[in-house]
Every structure is written in structure tokens, then in C-alpha cells.
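Below, each chain spelled out in residue letters.
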Amino acid sequence: MPVDAKAATDRLMRFLSIEGVTGQEAAIGRELTAALKESGVPAKAIRLDDANTRIPVPTETGNLIVDLPGRGALHNQPRIMFMTHMDTVPLCAGAKPKKSGRKIVNEAKTALGGDNRCGCGVLVTLAAELEKQQLDHPPITLLFCVREESGLYGARHVKLDELGSPVMAFNYDGGSASNVVIGAVGADRWTVEIFGRASHAGVAPERGISSTMIMALALADVKAGGWFGKVVKGKGASARQGTSNVGPVTGGEGRPAGDATNVVTDYVHVRGECRSHDGKFFKEITKAYKAAFEKAAKKVTNAQGKSGKVKFKAETDYYPFRMKENLPVVKRAIEAVSAVGGTPNVRAANGGLDANWMVRHGIPTVTFGAGQNEAHTIDEWINLDEYDRACALAVQLATTR
């Protein structure tokens, strides 16, 4: 299906210029709504849900949902859904997009926001082309999620009855439009509070219990056990694999872990994550961290024989999934990629996607790229050839008979 590439690029440039870091999506939501109306979508078909009232961190607005009634010979076919997320990482604040040949680059020393303004551009272009060309299509739901970048919260907390019971969904989030992503990892996020005992480090260090030393011993134990970074347990085809990382180390809420070198540190707050395509294995990695911190706390004692303590909490951010290649949604995806001149690359992702929660909700969801490159870095850029292909792919998916 031909797509107006200039109009699609103009939309993308327009969306890139609107700031909307994760949790602060109100402005981009208004801009998307305006663009959808300009494309011929009736105002009554566009609404915001109340997912933000269920998200446990401050979020300006709910998910943006659009209902497109079916048209023509396909009007009574089962509903399908197209989705993306409308937030960016905080590093995108202040981005200044600039077109350079077949790329969009950034004039500011920030991330660009192609992740995921590209997906927003694809979905609005889909709505515009369906209306402009009066193409036959089944009932369609467009879903623009909030807070994907900070925990997939919008997709997690959307109410299914708001979506109109789609039988399948297509998510846009990534680089190549030929990537047919049918699986992704699951992940735990964990925090540990380490409680020691303050004491003068020069006068009476033996009376103190160092939280910093407890952390050091725990992390050394994790590393020695092969639980940090790329984690592989077992050999050959039966090997279990995953990853883990230790993130910020603070005194809690961004405060330093202690204010002076002459005081034995009495409190440290550590955050981290564990991932795997194996739903049980990422839990096992998390368990190894918990055991290491508890073991280390018992090892660090003061002259009175008292030891440190830890409080370890873990929460599953999202669950892994892997769809079978013979599912209708996967077959439709593969055929559509081929139809627009691409070579389907069926794969699984090592990062979390809104699709993780959609599949968990019972809606089989395939994810495609839309031109993002070097996302979450100041070197981010957009490949307009891939973006154009992603737009054409969306129209193909929507109009397949």
C-alpha cells in the first residue's frame, strides 16, 4: 500500500519536538489527539483511560485509546489492535530534532526520542492513510501507552474492556521493521536496605558495623558465584541463561550513603535487576542476590558481637513470553513483512516490551521496529527508510484480507 512518506515524516518531526518524558505524557497526548483529529478521526473516537490512577508512581495522564470502526468488506472481521508507547526516557528532555538526508538526528546533547515517537508516528499515519485512501479494514484499536520506559506501567494497568476485545495486536518499538519479535525476557527489580551501626572510624571503629562492607562482601559473593552480568548455569542445550545488574547505590532517595569518611557507614540502599527468558530462572538469580546479602550481613560484626541486618524486596516487573510461530498473529506479521519487501526476522528480545503485558492479558502481540537507533543515548538517530517501511507495514497489517 502506498503511504505519503512526506506527511509521515512531518508527523514524526512534530512529535519529536514535544517533550514527554516518562510519567509526563500530557503534552504529547494532546499533540497526538490533535494530529489524529486532523487525520480525520472523530473526537468521540479518542479518549484517555484512567490507568494513571492505578500506577503506583505519579503519572500525568492515562493511556490514549482510539476506536476506528471497520470499513467495507472487512468491517465485520474480528478487531485488531496497534500499539506503541508515548513516553521517552528522561535523557530526551530538550531534544532538537533535525532532518539530515534519510536520517533524523539531534542538534542537542540529549537523547532524541525516536524511542518511541517513531511508534507514535506510525500509528497516526496508519489512521491517516486508512481515512485518506478509504481502505477496507476490520475494527481497529490504537493504544498509546504511558510510562513504558519506567516499568511498562501503562500496558500493565490498562483495563481490557477498554480495548474492545482485539484478537491480536501489533506493537511498534525498536529498530528494524522486518524484525518480528514474538518473545521477550521477564524481569525482577529488587532493592536491599543494609542496616549497620555508626561509629567514629578513627576513635572506635570496632564498635561500628559497616553497611558498605556488607554490600561489598555480598556483591563479591554474587560475582564469585557467577550470578552477575551474563549468567549461565549448566551446559549445552539444557543451560539456563539470564542477566543481572546492580544499579544505584545510595543512602536512599538519592542521598549519599554516609556523609563522611570518619564515620562507619550505618545505612546503604542498593537497587538492581535480574532477567531471563526462563520464568523460573530470573527468580533464581534474584534469590542468589538475596542469599548473598543475608550471608554478608551475618559476617560483619562489631566488638560486641552484633551483626548487620538487611531488608531485601523483589518485585516482578514483567513476565517472559514466547509465542508459537504458527499462531495467526505471527503468520499475519510474517506475511505482511514480506508483502512490503522485507525479509522477516523472527526473534525474541532481551528487553521488556509492552507486549509482555499484552500477552499476559491474553492478547497475542507481535512487536516490530520503526527506525530507532542508539536509543537511550545521546547518539540516538532515526532511519527514515525503516520508518517508512514500518508505516507501510502497519497499513498492510490493517488491510490484509
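Under an unreviewed UniProt entry, the name given to the protein chain is M20/M25/M40 family metallo-hydrolase, and the source organism is Bradyrhizobium zhengyangense.

**Student:** Now, about the UniProt feature "binding site: Zn(2+) 2" (unreviewed entry) in the protein chain: what can you tell me, with residues and values included?
**Tutor:** Under the UniProt annotation, the feature "binding site: Zn(2+) 2" (unreviewed entry) is placed at Asp115 and Glu149. Despite a sequence span of 35 residues, these residues sit close together in the fold, their greatest C-alpha distance being 9.3 Å. Assignment of secondary structure puts aspartate 115 in helix α3 (residues 114-132). Judged by relative accessible area, aspartate 115 falls into the buried class, the value being 7%. If we skip the residues at most four places from it in the chain, aspartate 115 touches His85, Asp87, Thr88, Glu149, Asp173, Gln372, Ala375, His376 and Glu380. Here the side chain of aspartate 115 touches histidine 376 through a polar contact of 2.9 Å, side chain to side chain. With respect to the helices, strands and loops of the structure, glutamate 149 is situated in the loop between β6 (140-145) and α4 (153-157). Note on glutamate 149: relative accessible area 18%, which makes it buried. Ignoring anything within four residues of it in the chain, the contact list for glutamate 149 reads Thr22, His85, Asp87, Thr88, Val89, Asp115 and His376.

**Student:** Tell me about the nonpolar core, residues and numbers included.
**Tutor:** By size, the foremost hydrophobic cluster in this structure holds 66 residues, and its most contacted members are Phe82, Leu142, Phe144 and Tyr172. If you tally residues by element for this core, the top one is helix α9 (residues 384-399), at nine residues. Leaving out residues up to four positions away in the same chain, phenylalanine 82 has contacts with Leu123, Leu126, Ile140, Thr141, Leu142, Leu143, Phe170, Tyr172, Ala394, Leu397 and Ala398. Ranked by size, the runner-up nonpolar core spans 24 residues in total, among them Val246, Val268, Phe281 and Ala297.

**Student:** Describe in detail the packing of α3 against α9, supporting the description with residues and values.
**Tutor:** The N-to-C vectors of α3 and α9 enclose an angle of 50°; their axes lie 9 Å apart at closest approach. Taken together, the axes of α3 and α9 are oblique relative to one another. Both α3 and α9 take part in a crossing whose hand is right-handed. Contacts from Cys118, Gly121, Val122, Thr125, Leu126, Glu129 and Leu130 of α3 reach α9 at Tyr387, Ala390, Cys391, Ala394, Val395, Ala398 and Thr399. Partitioning the contact of α3 with α9 into residue classes produces ten nonpolar, three polar and one charged.

About the cut-offs
Residues numbered from 1 in each chain as written. Predicted model: local features only at pLDDT ≥ 70, side-chain atom pairs only at ≥ 80, totals over all residues. Heavy atoms only, no water. UniProt positions renumbered as here; feature names shortened; annotations may be inferred. Helix = DSSP H or I, 4+ residues; strand = E, 2+ residues; numbered from the N terminus. Buried < 20%, exposed > 50% of the residue type's maximum accessible area, 1.4 Å probe, protein only. Contact = heavy atoms within 4.5 Å. Polar contact = N/O pair within 3.5 Å; in protein donor to acceptor, adjacent residues only side chain to side chain. Core = buried A, V, L, I, M, F, W, Y, C linked by side-chain atoms within 4.5 Å. Axes fitted to C-alpha atoms, helices over the stretch in contact; angles between N-to-C directions. Parallel < 35°, antiparallel > 145°, perpendicular 65-115°, else oblique. Left-handed = near helix turned anticlockwise from the far one by under 90°. Nonpolar A, V, L, I, M, F, W, Y, C, P; charged D, E, K, R; others polar.

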